[in-house]
Amino acid sequence: QVQLVESGGGLVQPGGSLRLSCAASGFTFRYYGIGWFRQAPGREREGVSCFTTADGSTYYADSVKARFTFSRDSAKKMVYLQMNSLTPEDTAVYYCAIGNSCSGHVVYNTEYWGIGTLVTVSS
């Protein structure tokens, strides 16, 4: 059974940084897309970043480009999202997800979701 468990959320001041982690287990796909979504209060869920094993590319939403960095440790089946220069607009529940591939910065045909971790950016 595929499981995704996020951690690392919390309260941070504007301009600060957080590192989210996602522990992935139970899957043996060779080709897949894995990444992050977020959902702010009162807004639709949006893609933040996606990595595809098809060619090793990583994609980012324009709103986070140059501030957020996706990384992974394939041996540990962990993925991370380093978030710098956070603003109140980054406040959201962040979800890790796996799908078939990436459609730009969005995980394509998402099949599995974590339960999310809350990031609050506030002074």
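Everything discussed here concerns the structure shown above.
Residues numbered from 1 in each chain as written. Predicted model: local features only at pLDDT ≥ 70, side-chain atom pairs only at ≥ 80, totals over all residues. Heavy atoms only, no water.

Take the pattern of salt bridges next. Scanning the entire structure with this criterion turns up four salt bridges. With its nearest N and O atoms 3.1 Å apart, the salt bridge here joins Asp62 to Lys65. The exposure class of Lys65 is partly exposed, given its relative accessible area of 47%. The partner of Arg67 in a salt bridge is Asp90, and the shortest N-O contact between them spans 2.8 Å. Within this pair, whereas Arg67 is found in the loop between β6 (58-60) and β7 (68-73), its partner Asp90 is found in the loop between β8 (78-83) and β9 (92-99), the two being separated by 23 residues in sequence. Comparing Arg67 with Asp90 shows no difference in burial state: the two are buried. Taken together, the shared-partner salt bridges in this structure form one network comprising Arg38, Glu46, Arg67 and Asp90. (Salt bridge = Lys/Arg side-chain N within 4 Å of Asp/Glu carboxyl O. Buried < 20%, exposed > 50% of the residue type's maximum accessible area, 1.4 Å probe, protein only. Helix = DSSP H or I, 4+ residues; strand = E, 2+ residues; numbered from the N terminus.)

Now for the sheet that holds strand β3 (residues 18-25). What the four strands build is an open sheet, ordered β1-β3-β8-β7; its pairing is antiparallel. Unpaired on one side and paired on the other, β1 (3-7) and β7 mark the two borders of the sheet. The average undirected angle you get between the axes of adjacent strands in this sheet is 15°. As paired elements, β1 and β3 share five bridges and run antiparallel to each other. The residue of β3 that forms the bridge with Leu4 is Ala24. (Pairing = 2+ DSSP bridges. Axes fitted to C-alpha atoms, helices over the stretch in contact; angles between N-to-C directions.)

By themselves, these figures tell us nothing about what the structure is for.
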